[in-house]
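Remarks on the overall topology
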Amino acid sequence: MNRVKLMALTAIVLLFSASSFYGYYRDLGVVRYVSGTTKAINWASSELEMEVLKFDRALNALAANIVTSEAVQLRYEILLSRLNTLLHGEANRPTREQPGVEATLQQLYQQLLALEDVIYQLKPADITATKALHPTVEAMHQQVRTINVDSFSGDNVWQQLDVLQDIRLRSSLYLAGLLLSGALMLLLLIRENRRNRHLAYHDGLTGLPNRVYFYQLIKQALQEAERLRQPLAIHMVDLDSFKTINDSLGHEVGDRLLQIIASRLKQAAGRQAHVARLAGDEFVIIQRPAGQHEACALAKQLSQAISQEVWLSSGCIVPQACVGTSLYPSQASSSTLLLRYADMALYHAKQSANQQLQLYQEGMNEQRLRRQQLSLALQQALEHDELQLYYQPIFNLSSQNIESFEALLRWHSAEHGWVAPPEIISIAEQYGLAAQLNEWVLSQACQQVQHWHHQGHSSLKININISPNIFMAGKLAATLKQVLLKTEVNAAALVLEITEDTSVWDTAASVDTLTELRALGIEIALDDFGTGYSSFSHLRSLPFNKLKLDKSFVADMVSDPRALSLVKTMLALANSLEMTVTAEGIELPEQCRLLAGLGCTLGQGYLLAKPMPAAQVEKRLVINKSGASSLAPEV
Ligand code: C2E
Ligand code: MG
Ligand code: MG
C-alpha cells in the first residue's frame, strides 16, 4: 500500500474514532442528565406525598389528642414550604416541567393556603373539626399520588426510556465502529509489518533475498547439511563488464539486465537452491545437497542460462558471467570460509582469459595477493615509463612486403619478471589503470609509426589492440583524436584491433563509435575472429574492414580437414563482406603456403617474424626494390 493510501485510511480511522468518542461523551451527558432528573423528580414527588401523609397523620393524632396543635401547625408549615420549593426551586424544575404538574401544585398550594386559619384554630381532641378537613386532605393526597405515580410510569418516563434506548443503540454502534476501526488498523499494521519485513530481507530490484537474508539462509542450510550429513555448494556469480554496460547504456538498462539475470539464475537453480543478490552484479547461490559433480553441473547451467541473448530497446546483449564455487564440508565448514573460497574462485575465473567457471583450489589466495602487488608495480611502471611495446610484422602473403606492425605490450617487472599482456590488461582494468595504459600504448605506437614514416617507410601501418572495456567506455574516439593531433600521424596508418567480445554489443553506441573512428580514416580489425560470439548480423552492421583469423584455426588447418574448411568458409565470408583477412599465428611453412593459396591477404606469426623491440625493428627494416618495407634477415 502506498503512503498516501495509508495516510488517508489512518485519517479516516482517526476521524471516526474521534467522532465516536465525542458522540459517546455527549450521550453519557444525556444519560447523566436523564437519570439525574428522573431521580430528582421521583424523590421530590415521593417527598411531597410523604409530607401530605405526615400532615394527615398529624391531624388524626391531634383528633386523638396524642399530639399538640403546634405539631399539626409544624406539619402544615413543612408541607406548605415543600410545595413552595417545588413551585419555585431551581432544582425542582424537572418536576414542575412534567405535563400538568405545575398547575396541580399551584392549585394544591392555594388550597393549602386557604386552610391556614382553620389549621391554626384546631384544638386537641376536636374530632369534628379535624374530620371536616379530612376530604380536602384526602383529595390533596390523591392529586399528589397521581404526580408521584406519573413520575415513575407516566408518558415522560416512557419518553426518557426511549431516549435511553436510543443512546444504548448508538453506543453499540459506536462500539462496533470503534472495534471495526481497531481491527482495520491492526490489519494495516500487520500488512505494513509484513511488507517492511519483506523489504528488509529482499532486494528491491530483483526480489531476491538480500545480503542480510542470505546470511540467515546459509546458516540454516549449513545447520541442516550438518544434521543430515549432506554436502553443499556455494556459487558466487559476477557479470562481466557490468560497470561498462551501466556506464555506456545507462542504469535503466543495467537494472533491467539484473532483473533478467536474477530470474534466469532462479530458474536455472531450481527448487534445490537459494539465489540471493549480495550487491551490484554479484549473486550467490546455495545448492543443497551438492557434491563436486552436482556443483560443477549447476555452475555450468548457471553460466549457460546467463549467456542467452537479452533483447533490449537499445540492441542485443549476450551477457557473460563468471562463477566461483566452494564446497562444504570438503573445502570449508563455516559460512565465512565457504564464501571467501567461492569469492577467490570467482576472482580466479574473472582473471582467466578463457575460464568462466572455477572450483576453489588451494593456493588461490596467493594468486590474489600477487595481482594486488602487480597492480602497484604496474602503476609505478606506468609512472616511470617502464613498459615497452614490441612490434610484430604483418606481411602481405603474396608480395612478402610488410604491411603493418602489431604493437604488443611487454612488461618486465623487477619484482615479478615478465608479465603476460592479457594479465597486464586485466590488472589494469581491475585496478582502474586501463585508460592510462591505453593512452600510453596509443601514443607510444603512434610515435613509433611516425618515426618509421620519417625514416622513409611511409606506407607502414600500426595495429593497436584495444580492450573491449576501453572501447565500451566511449571515450576512445576523443582520446585518439588527441593522440593523432599530438603525434601528427596520418589516421589512415592506424588499425585498431578489437577482440570479438566487443561485437557482442550490437548497440547504436557501438556502431556510432566505430563509424566515428572509420570516418577519421582509421581501420578497424575484428581480432581473434572465430573464438568468441560471432553473429553474421554483427559483421554486417558493424563497420569492421579487417578480420584477424584466430591462431587456433591456423594451428589446426594442416592436420584437421574441418578446421581447414572452416578457414575456407571464413575467408569466403570475409571476401563477400569486402574485409581483408589477416591470419594469426603462422608457425609452419605449410600453413603459410595453404593460406596464401586460399587467398588470405595478410599473415603474421613466429614463422615470419616474432614480436621484437622497436630498436631491433629499426635495425632490420629495409626498403626493398619495389619501394615497400621488408625485414632484412637476422644476422
Ligand atoms: P593478439 O592481439 O591476438 O596478439 C597476438 C598474440 O599472438 C601475441 O601475443 C603474439 O605474441 C602472439 N603470436 C604471434 N605470432 C604467434 C605465433 O606464431 N604463435 C603463437 N603461439 N603466438 C603468436 P601476446 O603479445 O602475448 O599478446 C596476447 C594478447 O594480449 C594479444 O592478443 C592482445 O589481445 C593482448 N594485448 C597485447 N598487447 C596489448 C595492448 O597493448 N593492449 C591491449 N588491449 N591488449 C594487448
Ligand atoms: Mg591483436
Ligand atoms: Mg589475435
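Just so we're clear, the structure is a prediction, and the values are computed from it rather than from any experiment.

Bringing the site of ligand 1 into the picture now. With respect to spatial proximity, 23 residues lie near ligand 1, and among them Arg410, Asn465, Asp527, Glu587 and Tyr606 are the closest. Between an oxygen atom of ligand 1 and a side-chain N or O atom of Arg410, the distance comes to 2.9 Å. Within the side chain of Asp528, one N or O atom sits 3.1 Å away from an oxygen atom of ligand 1. Within the complex, 84% of the 780 Å² of free accessible area of ligand 1 lies under protein.

With that settled, the discussion passes to the sheet that holds strand E3 (residues 282-287). Hydrogen bonds along the backbone pair up the strands of a sheet, which may run parallel or antiparallel. Read across the sheet, five strands follow the order E2-E3-E1-E6-E7 without closing on themselves; strand pairing throughout is mixed. A single partner strand is all that each edge strand has here, and the edge strands are strand E2 (273-279) and strand E7 (357-359). With strand direction ignored, the average angle separating the axes of adjacent strands in the sheet is 20 degrees. Taken together, the six bridges between strand E1 (residues 232-239) and E3 define a ladder with antiparallel strand orientation.

Looking now at the pattern of salt bridges. Side chains bearing opposite charge may pair, as long as their charged atoms lie close to each other. On inspection of all chains with the given rule, the structure shows 19 salt bridges. In this structure, the salt-bridge partner of Asp343 is Arg368, at a minimum N-O distance of 3.7 Å. Here Arg368 lies in helix H13 (residues 364-383) and Asp343 lies in helix H12 (residues 335-351), a separation of 25 residues in the sequence. Linking Glu423 and Arg370 is a salt bridge whose minimum nitrogen-to-oxygen distance equals 2.9 Å. Within this pair, whereas Glu423 is found in helix H14 (residues 421-430), its partner Arg370 is found in helix H13, the two being separated by 53 residues in sequence. On the accessibility criterion, Glu423 (21% relative accessible area) is partly exposed. Put simply, Glu403, Lys461, Glu523 and Lys546 are held in one network by salt bridges that share partners.

Each protein donor to the magnesium ion (ligand 2) is listed here as Glu406 (OE), Asn465 (OD1), Glu497 (OE) and Asp527 (OD); together their distances run 1.9 to 2.2 Å. Donor residues binding the magnesium ion (ligand 2) come from one chain and are separated in sequence as E-x58-N-x31-E-x29-D. Here Asn465 falls in the partly exposed class, since its relative accessible area comes to 28%.

The rules behind these values
- Residues numbered from 1 in each chain as written.
- Chains lettered and ligands numbered in written order.
- Predicted model: local features only at pLDDT ≥ 70, side-chain atom pairs only at ≥ 80, totals over all residues.
- Heavy atoms only, no water.
- Near = heavy atom within 4 Å.
- Polar contact = N/O pair within 3.5 Å; in protein donor to acceptor, adjacent residues only side chain to side chain.
- Areas by Shrake-Rupley, 256 points an atom, 1.4 Å probe, with all protein chains shown as cover.
- Pairing = 2+ DSSP bridges.
- Helix = DSSP H or I, 4+ residues; strand = E, 2+ residues; numbered from the N terminus.
- Axes fitted to C-alpha atoms, helices over the stretch in contact; angles between N-to-C directions.
- Salt bridge = Lys/Arg side-chain N within 4 Å of Asp/Glu carboxyl O.
- Buried < 20%, exposed > 50% of the residue type's maximum accessible area, 1.4 Å probe, protein only.
- Donors = N, O, S within 2.8 Å, 3.2 Å for Na, K, Ca; no water.

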